Amino acid sequence: MSASSNDAPAAVAAAGLSMHGLDPQRAVHWNLPPAQLVEAALERGEGRLAADGAFTAETAPHTGRSPNDKFIVREPSCADLVDWGPVNVPIEPEHFEALRTDMIAWLESRDLFVRDARAGAHPDHQVNVRVITPSAWHNLFAWNMFLRPDASELETIVPDFTVLHAPEMEADPERHGTRSSTAVVVNFAEGTILICGTRYAGEIKKSIFSALNFRLPAKGVFPMHCSANIGEEGVALFFGLSGTGKTTLSADPERGLIGDDEHGWGDDGVFNFEGGCYAKTIKLSEEGEPEIFAATKRFGTILENVILRGDRSVDYDDASITQNTRASYPIHYIPNAVSPSRGGHPKTVVFLTADAFGVLPPISRLTPEQAQYHFLSGYTAKVAGTERGVTEPKATFSACFGAPFLPLHPGAYAEMLGERVEENDATVWLVNTGWTGGSYGVGTRMKLSYTRAMVRAALAGELETVDTVTDPVFGLAVPVAVPGVPGEVLQPRGTWADASAYDELAAKLASMFRENFARYADRVSEAVREAGPRS
């Protein structure tokens, strides 16, 4: 069905949800177009329109993901495969059933908005996704972020994964086995995801990403938390956690955008998992990020947790609600988006890190062994607001630049990266978009114009013949010159007023790298173990 159940017999709409155990008592709206969803959201008081037509919603108190409230159902099909621990926390089937039962009862008494969509632009690897929510704007989020089947396909689509979304319902830790009133629970065997107690829309898309990270490796596809674009020089990948520049750097007007966040790398190249972009908007400007800025002014775009002035214009510098302000929009709102969202094998791989210590070089070339080392390390700074409780940058290590979304052992993903980089002779770069001239609070954030110049030079092959110097602490090959970038910026120690303070923090960070990597040492070769910072 592609129309609201108000236009179809109620029994027909109810029958469509019976497969999920739902017997809805109120209206069921199936696959409404964006205009109707915006109208419904406004009528229901779910948010407001900004001056240029974007829909704005507030998700407080959850203005970022809640990683401590994510669970995987421990059942036979995954029990021996999942890397259980603080990231992949098990929950027992009986607790999952209790939560699903209570969520179904909660959903049945409300108007429901159903969205049928797909994840995966490659026809051999895509999965069907169904999102069932009482919120019109969250349904619009699903329309923006997932791939949109043709109207004729919607009549027969059968979901591989179903998201039951109850943002206003609170979990009961004693009854449901959760840690708090918030829960994101994934059942791989049943293809069911339960989300309750949070309005933050990013949980919807990231839950499907986690499911793909479990399913695709068995099919020989390397799932990646990265953005991707394509130009005359070929495909480039940008790995990094939220806030490091994946979306910003991939939205390059001189290159085609494949996608900004989640991709697979298969036997015939790269493909996007999504049909939209979820860009951070704090301090967004037309000058700095023109494509993203323009997309935020389109009808159908969702702006999360932004501040509206009296005339309904958006104040992108105001972080009163959160630093993690967001824009969700379909990928075709970016003028140079590639359709379909696919490309060949990458020629360049970029690891993005926001170094809060300010000691890593702004760009350095990695050997294949260093590439695996730094991929497993996943060093960056958690940017304020991306997760609850993070109010300023905090040094962290997130394996594969996406540990919260990896059900398997990180070593499995690192092995896939190493194989594909070697098979396709890809060049790997480490780019620091963080601090220079001092650590956070003393130095300044690397200028975006410098980072863009470094990345463009790397993608164009302009750095292949440039001389390099080896960083004495981290062992990285640092170019001595990059077009458009002052030479002194490339050597971080020289940007500090107090060189001894730099030496102290560089040694501290190197020690943190070694301590963190010890957990992966038994899964890699000696060459990879020795590819980290020097003693």
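Note that the structure is predicted; figures quoted are calculated from it, not measured. (Residues numbered from 1 in each chain as written. Predicted model: local features only at pLDDT ≥ 70, side-chain atom pairs only at ≥ 80, totals over all residues. Heavy atoms only, no water.)

Enquirer: Where do I start with the overall build of the protein chain in this structure?
Expert: Along the backbone of the protein chain there are 15 helices and 30 strands. At 23 Å, the protein chain has a C-alpha radius of gyration in line with the 24 Å of a compact globule built from 535 residues. Taken along the three principal axes of its C-alpha coordinates, the protein chain extends 70 × 55 × 40 Å. Buried positions account for 62% of the 535 residues belonging to the protein chain. By sequence separation, contacts in the protein chain at least 24 residues apart represent 72% of the contacts at least 6 residues apart. Only carbon and sulfur atoms are counted for the fraction: they give 48% of the accessible area of the protein chain, which is about 20000 Å². The positive charge centre, built from 46 side chains, and the negative charge centre, built from 69, are 2 Å apart in the protein chain. (Helix = DSSP H or I, 4+ residues; strand = E, 2+ residues; numbered from the N terminus. Rg over C-alpha atoms; globule rule 2.2 N^0.38 Å. Buried < 20%, exposed > 50% of the residue type's maximum accessible area, 1.4 Å probe, protein only. Contact = heavy atoms within 4.5 Å. Areas by Shrake-Rupley, 256 points an atom, 1.4 Å probe, with all protein chains shown as cover. Lys, Arg positive; Asp, Glu negative; His and termini not counted. Charge placed at Lys NZ, Arg CZ, Asp CG, Glu CD.)

Enquirer: Mind showing me how you'd approach unusual backbone geometry here?
Expert: Trans peptide bonds make up the majority, and among non-glycine residues the majority have a negative phi. A cis amide bond, omega 10°, links Ala60 with the succeeding residue Pro61. Note that Pro61 resides in the loop between strand S3 (55-57) and strand S4 (70-73). Here the phi dihedral of Cys400 falls at roughly 60°; this positive angle occurs in a residue that is not glycine. Mapped onto the secondary structure, Cys400 falls in the loop between strand S25 (394-397) and helix H11 (410-423).

Enquirer: Could you clarify how one ought to interpret the sheet that holds S4 in this entry?
Expert: Strand pairing in a sheet relies on backbone hydrogen bonds. The paired strands run either parallel or antiparallel. Pairing within the open sheet is mixed, and its eight strands lie in the order S1-S6-S7-S8-S10-S9-S4-S5. Each edge of the open sheet carries a strand with a single partner, namely strand S1 (28-30) and strand S5 (89-91). Within the sheet, the average angular offset between the axes of one strand and its neighbour, ignoring direction, is 25°. Pairing of S4 with strand S9 (residues 183-187), which is carried by three bridges, proceeds in the parallel orientation. From the neighbouring strand, Phe71 faces S9, where its bridge partner is Val185. (Pairing = 2+ DSSP bridges. Axes fitted to C-alpha atoms, helices over the stretch in contact; angles between N-to-C directions.)

Enquirer: Help me understand the packing of helix H4 (residues 136-145) against helix H7 (residues 202-215), please; the structure alone is not making it clear to me.
Expert: Between two packed helices, both the angle of their axes relative to each other and the distance between the axes serve to describe the pair. One can describe the packing of H4 onto H7 by two numbers: an axis separation of 9 Å at closest approach and a directional angle of 45°. Taken together, H4 and H7 sit at an angle that is classed as oblique. Every pair of crossing elements has a handedness; the one defined by H4 and H7 is right-handed. Residue-level inspection shows His138, Phe141 and Met145 of H4 in contact with H7, the latter providing Gly202, Ile204 and Lys205. In terms of residue class, the contact of H4 with H7 is built from three nonpolar, two polar and one charged. (Parallel < 35°, antiparallel > 145°, perpendicular 65-115°, else oblique. Left-handed = near helix turned anticlockwise from the far one by under 90°. Nonpolar A, V, L, I, M, F, W, Y, C, P; charged D, E, K, R; others polar.)

Enquirer: Just checking my understanding: could you explain the pattern of salt bridges for this structure?
Expert: Two side chains carrying opposite charge are able to pair once their charged atoms lie near each other. Evaluated as defined, the whole model comprises 25 salt bridges. Linking Arg199 and Glu168 is a salt bridge whose minimum nitrogen-to-oxygen distance equals 3.3 Å. Note that Arg199 is positioned in the loop between strand S10 (192-196) and H7 and Glu168 in the loop between strand S8 (161-166) and helix H6 (173-176), a separation of 31 residues in sequence. A relative accessible area of 23% means that Arg199 is categorised as partly exposed. By relative accessible area, which is 49% here, Glu168 ends up partly exposed. Between Lys206 and Asp261 there is a salt bridge whose closest N-O contact spans 2.7 Å. On the criterion of sequence distance, the pair formed by Lys206 in helix H7 and Asp261 in the loop between strand S13 (256-259) and strand S14 (262-266) is long-range, its members being 55 residues apart. Residue Lys206 is classed as buried on the basis of its relative accessible area of 9%. Within the structure, one salt-bridge network assembled from shared partners comprises Lys205, Lys206, Lys246, Asp261, Glu262 and Glu274. (Salt bridge = Lys/Arg side-chain N within 4 Å of Asp/Glu carboxyl O.)

Enquirer: Help me understand the sheet that holds strand S20 (residues 326-330) in this model?
Expert: If you trace the five strands from one edge of the open sheet to the other, you get S2-S3-S17-S20-S16, paired in mixed fashion. The open sheet has two edge strands with one neighbour each: strand S2 (48-49) and strand S16 (276-280). Here S3 runs beside strand S17 (residues 302-304); their pairing, made up of three bridges, is parallel. Note on S17: the bridge partner recorded for Phe55 is Ile302. Against the sheet, H4 contacts S3, S16, S17 and S20, and its axis sits at roughly 60° relative to S20.

Enquirer: What should I look at first to understand the environment of Phe55 in this one?
Expert: Inspection of the secondary structure puts Phe55 in strand S3. Note on Phe55: relative accessible area 1%, which makes it buried.

Enquirer: How should I be thinking about helix H2 (residues 34-43) in this particular structure?
Expert: Count 3.6 residues to each turn of an α-helix, and residues three or four apart come out pointing the same way. When H2 is considered as a whole, its buried residues turn out to be Pro34, Leu37, Val38, Ala40 and Ala41. All buried residues of H2 fall inside an arc of 165° around its axis, so they share one side. For H2, the secondary structure elements touched by its buried residues are S2, S3, strand S6 (112-119) and H4. Residue Gly45 follows H2 closely and has a positive phi angle near 70°. (Arc of directions from axis to C-beta.)

Enquirer: It is not clear to me how the pairing of S14 should be interpreted in this structure. Could you clarify?
Expert: Every other side chain in a regular strand lies on the same face of the sheet, so the side chains alternate between the two faces. Buried residues dominate S14, accounting for five of its five residues. Of the two faces of S14, both are covered, the one formed by Glu262, Gly264 and Gly266 as well as the one formed by His263 and Trp265. Turn length for the S14-strand S15 (residues 269-272) hairpin, with the two strands adjacent in sequence and antiparallel, is two residues.

Enquirer: Quick question: what am I supposed to make of the side chain of His138 here?
Expert: Here His138 shows up in helix H4. Apart from residues lying up to four places away in sequence, His138 is in contact with Thr133, His165, Pro167, Arg199, Ala201 and Ile204.

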